[in-house]
Amino acid sequence: MGLFDKCANVTERVKYTRARNEFFYLREFEPTATPLVRMGGRELLMLGSNNYLGLASHPKVVAAATAAMQKFGTGACSSRVLTGTCPLHAEVERRLARFKGTEDAVLFGAGFMAMMGTVAAMTDKGDVVLSDELNHASIVDGCRLSRADVLIYNHNDMASLEEGLAKAAGAKNRLIVTDGVFSMKGTVADLPRIRALADKYDAAVMVDDAHGAGVLGEHGRGTAEHFGLEGKIEFVAGTFSKTFASYGGFTGSTRDAVMYMRFAARPFMFTASPPPSVAATVLACLDVMEQEPRLIQTLRSHTRFLKDGLRQAGFRLEETITPIIPILIGDDERTFKMTGGLQDEGVVVNPVVPPAVPKEGSLIRVSLMATFTSGQLEQALDKFRKVGRAVGII
Ligand SMILES: Cc1ncc(COP(=O)(O)O)c(C=O)c1O
């Protein structure tokens, strides 16, 4: 096969799915992360964003980012290690460490880089990484870059994890890595039992809490807070691309581990520092989360409302306590029909089909923002009922 043949195949596939009205990728929205967006001159309800608390357009957050840009310029233009660190970077690392209950934290240019860089830097030849089969691609790539052996355990299956840990008993070190909230199914990792197994088999635990912040725990501090395990997880990593309304990521850990990563994690050393306005955005998000706890409560009541309404209408939902609501459809055809029908009716959702989920496990991923009004959710629910009936799902 020639170097470019695979590219032509993808172009054909895109053309084919576009012609069948099954291409729901790379759509252009304006803006992307508010309850109401515009696409092709039409106004639609955005039920596919990860801006869970709606902070991406919060006036205080926007003002803080703007002020930082005016003071520090648009980019830091150097690696953090060299001349790319400003006081905002250092401050946000301290604040994130406090938020996550770790001694220190290190910023990365993206959540992807945080996960990949942490796994690859912290494990080496002779170690074993135990990774949930549904972990995010960034962890998968971190495992590929690490020289450690990798054992994949069945999704959130503690017997399978224990089997892996027993097999890895002779390894130098063991690191269990799990998403806190799994991005496609919205399920929450069984962190208490993972912690107990880690203690039993002398393993460290890393949680990718990309979807946990702002969502789980009384103060929205994430999966560890939800389970009362703050300060008891060796590596707590996150992203700024969801609740923190920006772009970037971080890993919290011990002071020593964080300093080690600053010199051993290649996606930290060999890339430029996130723009200062990113650090200002995250700091403002942390402030707003403290000042306006009602946002978390509203997100939860919105989630309950929509889940109850969808269930009553006859949709099958994956069990979840998060604002990620997966509507189980099964086959790809009806999943795309439902997505297209909703889009025609003014509701944006994301279809999830294999290989992101197992065969016949296709679903529609709905995600909520605290900033929806009740009226908008009622309207969305009406559309779900109408299209669900038309497509033969309910
Ligand atoms: C579970 C999980 N981990 C990591 C990432 C990567 O984060 P980022 O978008 O900041 O690169 C994402 C999201 O994209 C995610 O859902």
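Structural data are supplied above this passage.
Residues numbered from 1 in each chain as written. Predicted model: local features only at pLDDT ≥ 70, side-chain atom pairs only at ≥ 80, totals over all residues. Heavy atoms only, no water.

Student: Give a description of the sheet that holds strand E14 (residues 362-367) that names residues and reports values.
Tutor: The 4 strands lie next to each other as E10-E11-E14-E13, forming an open sheet whose pairing is antiparallel. Lying at the two open borders of the sheet, with one neighbouring strand each, are strand E10 (316-317) and strand E13 (350-352). Direction of pairing for strand E11 (residues 324-330) relative to E14: antiparallel, over a ladder of 6 bridges. Looking at E14, one finds that Ile-324 is bridged to Ser-367. (Pairing = 2+ DSSP bridges. Helix = DSSP H or I, 4+ residues; strand = E, 2+ residues; numbered from the N terminus.)

Student: A description of helix H6 (residues 158-167) should follow, citing residues and the corresponding values.
Tutor: For H6, the complete set of buried residues consists of Met-158, Ser-160, Leu-161, Gly-164 and Leu-165. Projected down its long axis, H6 shows its buried positions confined to an angular sector of 160°, all on one face. Turned more than 90 degrees from where H6 packs its buried face, Ala-159, Glu-163 and Lys-167 sit exposed. Its buried side turned inward, H6 meets strand E4 (128-132), strand E5 (149-153), strand E6 (174-179) and helix H7 (191-200). (Buried < 20%, exposed > 50% of the residue type's maximum accessible area, 1.4 Å probe, protein only. Arc of directions from axis to C-beta. Contact = heavy atoms within 4.5 Å.)

Student: Which residues make up the packing of helix H3 (residues 87-100) against helix H11 (residues 276-291), and what are the values?
Tutor: Contact pair H3 / H11: the axes reach a minimum separation of 9 Å and the direction vectors enclose 35°. Seen from above, H3 lies across H11 with left-handed handedness. Where H3 approaches H11, its residues Leu-88, His-89, Glu-91, Val-92, Arg-95, Leu-96 and Phe-99 are matched on the opposing element by Pro-276, Ala-279, Ala-280, Val-282, Leu-283, Leu-286, Asp-287, Met-289 and Glu-290. Looking at the contact of H3 with H11, its residues break down into 11 nonpolar, 1 polar and 4 charged. (Axes fitted to C-alpha atoms, helices over the stretch in contact; angles between N-to-C directions. Left-handed = near helix turned anticlockwise from the far one by under 90°. Nonpolar A, V, L, I, M, F, W, Y, C, P; charged D, E, K, R; others polar.)

Student: Lay out the packing of helix H2 (residues 59-72) against H11 with the relevant residues and their values.
Tutor: The geometry of H2 relative to H11 is characterised by a closest axis approach of 8 Å and an angle of 150° between their N-to-C directions. Put simply, H2 runs roughly antiparallel to H11. For the crossing formed where H2 meets H11, the hand is right-handed. Here H2 contributes Lys-60, Val-61, Ala-64, Ala-65, Ala-68, Met-69 and Phe-72 to the contact with H11, which in turn contributes Pro-276, Ser-277, Ala-280, Thr-281, Ala-284, Cys-285, Val-288 and Gln-291. Taken together, the residues of the contact of H2 with H11 sort by class into 11 nonpolar, 3 polar and 1 charged. (Parallel < 35°, antiparallel > 145°, perpendicular 65-115°, else oblique.)

Student: Explain the site of the ligand residue by residue, including any values.
Tutor: Among the 14 residues in the neighbourhood of the ligand, the closest are listed as Gly-111, Asp-208, His-211, Thr-239 and Lys-242. One of the side-chain N or O atoms of Asp-208 is found 2.6 Å from a nitrogen atom in the ligand. A distance of 2.6 Å separates an oxygen atom of the ligand from a polar atom in the side chain of His-211. Burial of the ligand by the protein chains amounts to 87% of its free accessible area of 390 Å². When atom positions are compared with the pocket grids, the ligand is found to occupy the largest pocket. For the shell around the ligand, the residue count by class is 3 nonpolar, 8 polar and 3 charged. (Near = heavy atom within 4 Å. Polar contact = N/O pair within 3.5 Å; in protein donor to acceptor, adjacent residues only side chain to side chain. Areas by Shrake-Rupley, 256 points an atom, 1.4 Å probe, with all protein chains shown as cover. 1 Å grid on protein atoms, 1.4 Å probe; cavity = no way out; pocket = protein on both sides within 12 Å on 5 of 7 lines; lining within 4 Å. Sits in = over half its atoms within 2 Å of the grid points.)

Student: Describe the nonpolar core, listing the residues and the values that go with them.
Tutor: The tendency in soluble globular proteins is for nonpolar side chains to be buried side by side. One finds Leu-47, Leu-96, Phe-244 and Phe-384 to be the most contacted residues of the largest nonpolar core, which totals 69 residues. Element by element, the count of residues in this core is highest for H11, at 10 residues. A domain-level breakdown of this core finds at least three residues from each of domain 1 (26-56 + 293-391) and domain 2 (58-291). If sequence neighbours within four positions are ignored, Leu-96 has contacts with Ala-105, Leu-107, Phe-240, Phe-244, Phe-250, Val-282 and Leu-286. In this structure, Val-128, Leu-161, Val-205 and Leu-229 belong to the second largest nonpolar core, which totals 22 residues. (Core = buried A, V, L, I, M, F, W, Y, C linked by side-chain atoms within 4.5 Å. Domains from an automatic or database assignment.)

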